[in-house]
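Structural characterization, general
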Amino acid sequence: MSSKTFMMAILSTVLLLLVQGCASPVRLGAVPFEDTSRAVIPGIPDARYWVDSDVEPFIRDAMASAQREKELLIRAGHKGPLPPVNFLAVSGGGDDGAFGAGLLVGWSETGTRPEFKGVTGISTGALIAPFAFLGPEYDEELRTVYTTIGPPDVMKQRSFLAALTSDGMADNAPLWELISKHINADFLQRVAAEYQKGRLLLIGTTDLDARRPVIWNMGAIASHANAQALDLFRHIMLASAAIPGAFPPTMFNVEVDGKPYQEMHVDGGAMAQVFLYPPGLFDIARSQGLKVADRERNVFVIRNARLDPQWASVERSTLSIVGRAISSLIQTQGVGDLYKIYLTTQQDGVDFNLAYIGSDFNHEHKEDFDTAYMNALFEYGYQLGRKGYPWHKQPPGFSFSKKS
């Protein structure tokens, strides 16, 4: 998310506070607090997890996926120890997602990019994750999305009055059309087929009413193989990239004991810039008597952002100061998320690998979803990937001394 996007969101908030009496879009009632975790998507009850309060469903599905994988290996004649598994976590970052897209495409060309057992995505990472999940066959889709689009392909600016009386400064209908163009019934069928092999595709959004993170099981959703599943799949991708204030939230119709409600979901980055799996997952599973297979595990984290401090001369104005402060907060939140993932992998014996935009990339960024900027960043990531990216083994600034 760029500083300009932050400024637009902040400005919209300030102006909306000044015109509270104006009409706003209607909605169904929000799910009562005490029923938040019981709300389900009608017809697709296995769509998501509330891992901040209950990891049991996640553990159950993770163990079931491992069993499906094991059965597939047996049918293929595999004998001996289980093969290594690889996980990919793709962060948010707005148009900086061009870095991750380019890196993945370049990585494919080396012939060493693995098939990922699980892929997670947040915000722009949620737009990349489904293509990364299905593998190099979809690299050209990634290249197209991140090198040929511009602002009109993502958003349509609203008039001043419309912005004040609606739910976002811009309409993200163009992004919906872009998602719908690439995510069709055939795409869902392929995701469902991989899910049946024991692979997981997870996307994060933020339930703004409850102020809680939601993790969506995209493979389980795709397995329902109907128009409702396709519509839900697309809306989850849209919701995860819905920057609050800048773009409209995505409303999900849910039920609690048959009573209808609506949830308001926005950018998953409001809760985390990148995620892997709940800390302590393996220990909780073992404490329940479940057997966690002893095998090599590797995680690859793509942070679509620079992690070094970026100097800027801040204008002495309220919006500039607030915008700079919030962008700094997002930056440090992202580093904190990397620390959390790193510590989790060290506890669980998982090999940690991190990629991010280096300080050597300094192409001019004129506006959000600037086509020239995205092309340059895609090429930057692509060249790093095809030359064999030197994955970082720790987050920057993280160090500790071992006791002798």
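Here's a quick rundown of the structure. Once a new chain begins, its residue numbering starts again from 1 and follows that chain's sequence as written. Where local features are concerned, this predicted model is filtered to residues with pLDDT of at least 70; where side-chain atom pairs are given and counted, the filter is 80 or more; whole-chain, interface and lining totals use all residues. No hydrogens and no water enter the side-chain calculation; it runs on all heavy atoms of the structure.

**Remarks on the overall build of the chain**
The criterion, for reference: Note on conventions: DSSP H or I runs of at least 4 residues are helices, E runs of at least 2 residues are strands, and numbering of each starts at the N terminus. Note on method: radius of gyration uses C-alpha positions; expected globular size equals 2.2 Å times residues raised to 0.38. Whether a residue is buried, partly exposed or exposed follows from its accessible area with a 1.4 Å probe, protein chains only, as a fraction of its type maximum: under 20%, in between, or over 50%, in that order. Pairs of residues are marked as contacts when any of their non-hydrogen atoms sit within 4.5 Å.
On a plain count of helices and strands, the chain comes out with 13 helices and 11 strands. Computed over the C-alpha atoms, the radius of gyration of the chain is 21 Å, within 12% of the 22 Å expected from 2.2 N^0.38 for a compact globule of 404 residues. In terms of overall dimensions, the chain has C-alpha extents of about 65 × 55 × 45 Å along its principal axes. Per-residue burial for the chain yields a buried fraction of 53% across its 404 residues. Sequence-distant contacts, at least 24 apart, represent 79% of the contacts inside the chain between residues at least 6 apart.

**Examining the pairing of strand β3 (residues 118–122)**
Inclusion rule: In this scheme, strands are said to pair when DSSP sees at least two bridges between them. Viewed with both strands pointing away, a crossover whose connecting path from the first strand over the helix to the second turns clockwise is right-handed.
In terms of burial, β3 is a largely internal element, five of the five residues being buried. Both strand β2 (residues 85–90) and β3 contribute to a ladder of four bridges, which runs parallel. The residue of β3 that forms the bridge with valine 90 is glycine 121. Handedness of the crossover joining β2 and β3 through helix α3 (residues 97–110): right-handed.

**Let's talk about the packing of helix α8 (residues 185–196) against helix α10 (residues 227–240)**
Just so we agree on the cut-off: Axes, fitted as lines to C-alpha atoms, cover a helix only where it is in contact. Angles between the N-to-C directions of the axes lie from 0 to 180 degrees. Orientation is classified from the angle alone, with under 35 degrees giving roughly parallel, over 145 giving roughly antiparallel, 65 to 115 giving roughly perpendicular, and any other angle giving oblique. Only Asp, Glu, Lys and Arg are considered charged in this grouping, and only Ala, Val, Leu, Ile, Met, Phe, Trp, Tyr, Cys and Pro are considered nonpolar; every other residue, Gly among them, is considered polar.
Their axes nearest at 10 Å, the elements α8 and α10 cross at an angle of 85 degrees. Viewed along their axes, α8 and α10 adopt a mutual orientation that is roughly perpendicular. Note on element contacts: α10 touches α8 through Ala229, Leu230 and Phe233, opposite Ala185, Phe187, Leu188 and Val191. Of the residues that constitute the contact of α8 with α10, the class distribution is seven nonpolar, no polar and no charged.

**Let's talk about the pairing of strand β11 (residues 351–357)**
Buried residues dominate β11, accounting for six of its seven residues. Here seven bridges tie strand β10 (residues 297–306) to β11, and the two strands are oriented parallel to one another. Residue arginine 306 lies in a different strand from β11, and its bridge partner there is isoleucine 357. Note on the crossover from β10 through helix α12 (residues 318–348) to β11: the handedness is right-handed.

**So, the nonpolar core**
Let me state the cut-off plainly: To define a nonpolar core, start from buried Ala, Val, Leu, Ile, Met, Phe, Trp, Tyr and Cys residues and group those joined through side-chain atoms within 4.5 Å.
Tyr146, Trp216 and Phe233 are the most contacted members of the largest nonpolar core, which has 78 residues in total. Sequence-distant contacts of tryptophan 216, that is, excluding residues within four places in its chain, are made with Ile41, Ala47, Arg48, Leu201, Leu202, Ile203, Thr205, Ile221, Leu232, Ile236, Phe252 and His265.

By themselves, these figures tell us nothing about what the structure is for.
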